Amino acid sequence: MAKRVPQRMCVVCRKMRNKRDLLRLVRQDGEIRLDAIGKMPGRGFYVCKDPACVEALWKGRRLEQQLELKALEPAGKDDLKAQAMAEALRWQQEQAATLLRQQRQAKGETTILLPDGRQVRRVVKDDNNKPL
Ligand SMILES: [Zn+2]
């Protein structure tokens, strides 16, 4: 049975997604933080760990409006964007790596470590010539 994953909505694209596929931003004592654990107290909202959604959120005054703030200090805003973007890019790489691994597994490829430390991928077959 599949475990129920909490769903949250991205404020940019309005899609419901798994909580772990979203970044949470939280306003705490007038400061905005990236909530890495998803449990920080304060007024928070979610955005996809997708560079496109992060980019869109930082355009114009969207972030300020979301947080009901008059203004954000430009340096702080840039810094926060860099953090959010780094998270989004890492997530994107993870997704790509997972997809690649699944495709290789579907093809029956196995990574073999050679004695000299190199890694090669081969399709390992059983006696009936079927991928293992
Ligand atoms: Zn989104």
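Fair warning: this is a prediction, and the values are worked out from it, not measured in the lab.

Undergrad: How do you make sense of the overall build of the chain when you look at a structure like this?
TA: Within the chain, the secondary structure is distributed over 3 helices and 7 strands. Scaling as 2.2 N^0.38, a compact globule of 132 residues should have a C-alpha radius of gyration of about 14 Å, whereas the chain reaches 21 Å, well beyond that. Each of the 132 residues in the chain was classed as buried or not, and the buried ones make up 13%. Pairs at least 24 residues apart make up 40% of the contacts formed inside the chain by residues separated by at least 6 positions.

Undergrad: Looking at this structure, how should I read the sheet that holds strand β3 (residues 22–28)?
TA: Across a sheet, strands are paired by hydrogen bonds formed along the backbone, either parallel or antiparallel in direction. The strand order across the open sheet formed by 3 strands is β4-β3-β5, and the pairing between neighbours is antiparallel. Strands at the two margins of the open sheet, each flanked by one partner only, are β4 (31–35) and β5 (43–48). Each adjacent strand pair in this sheet contributes to an overall mean axis angle of 25°, direction not counted. Where β3 and β4 come together, 5 bridges link them in antiparallel fashion. What sits directly across from Val 26, in β4, is Arg 33. Packing of helix α3 (residues 74–107) onto the sheet brings it into contact with β3 and β4, and relative to β4 it is tilted by some 10°.

Undergrad: How should I be thinking about the environment of Arg 4 in this particular structure?
TA: In this fold, Arg 4 is placed in the segment before β1 (7–9). Sequence separation of Arg 4 and Gly 60 is 56 residues, and the distance between their C-alpha atoms is 36 Å.

Undergrad: How do you make sense of unusual backbone geometry when you look at a structure like this?
TA: Glycine aside, the phi torsion of most residues is negative, and most peptide linkages are trans. One non-glycine residue, Arg 14, lies in positive phi territory at about 65°. Under the C-beta neighbour-count criterion, Arg 14 is labelled exposed, with 7 such atoms within 10 Å.

Undergrad: Explain the pairing of strand β6 (residues 109–113) to me, please; I cannot follow it from the model alone.
TA: On a regular strand, each side chain points to the face opposite its neighbour's, so the side chains alternate between the two faces of the sheet. Taking burial as the measure, the 5 residues of β6 include 0 buried ones, a minor fraction of the element. Direction of pairing for β6 relative to strand β7 (residues 119–123): antiparallel, over a ladder of 5 bridges. The partner of Ile 112 across the bridge, within β7, is Val 120. In sequence, β6 turns back onto β7 through a hairpin of 5 residues, with Gly 117 there showing a positive phi of about 95°.

Undergrad: I tried to follow the nonpolar core on my own but got confused; where do I start?
TA: The tendency in soluble globular proteins is for nonpolar side chains to be buried as a group. Judged by nonpolar contacts, the single largest core of 14 residues is most densely connected at Cys 10, Leu 22, Leu 23, Val 47, Cys 53 and Val 54. For this core, the secondary-structure elements that each account for two or more residues are β3, β5, α1 (51–57) and α3. Among residues more than four places away in sequence, those in contact with Cys 53 are Cys 10, Val 12, Cys 13, Val 47 and Cys 48.

Undergrad: What's the story with α3 in this structure? I'm lost.
TA: Side chains that are three or four residues apart share a direction in an α-helix, a result of its 3.6 residues per turn. If you check α3, its first and last C-alpha atoms are 49 Å apart, about what 34 residues at 1.5 Å a residue would give, namely 50 Å. In terms of residue burial, α3 counts as a barely covered element, since only 2 of its 34 residues are buried.

Undergrad: How do you make sense of the environment of Lys 19 when you look at a structure like this?
TA: Along the chain, the position of Lys 19 falls in the loop between β2 (16–18) and β3. Lys 19 sits 13 residues away from Pro 6 along the chain, and the two C-alpha atoms are 5.7 Å apart. Those residues within four positions of Lys 19 in sequence are excluded, and the remaining contacts are Val 5, Pro 6, Gln 7, Arg 8 and Gly 38.

Undergrad: I keep staring at the environment of Pro 6 and nothing clicks. Help me out?
TA: With respect to the secondary-structure elements, Pro 6 resides in the segment before β1. Linking Pro 6 and Leu 67, residues 61 residues apart in sequence, is a C-alpha distance of 22 Å.

The rules behind the values
- Residues numbered from 1 in each chain as written.
- Predicted model: local features only at pLDDT ≥ 70, side-chain atom pairs only at ≥ 80, totals over all residues.
- Helix = DSSP H or I, 4+ residues; strand = E, 2+ residues; numbered from the N terminus.
- Rg over C-alpha atoms; globule rule 2.2 N^0.38 Å.
- Buried ≥ 20, exposed ≤ 12 C-beta atoms within 10 Å, placed from the backbone.
- Contact = placed C-beta atoms within 7 Å.
- Pairing = 2+ DSSP bridges.
- Axes fitted to C-alpha atoms, helices over the stretch in contact; angles between N-to-C directions.
- Core = buried A, V, L, I, M, F, W, Y, C linked by C-beta atoms within 7 Å.
- Expected span 1.5 Å × (residues − 1).

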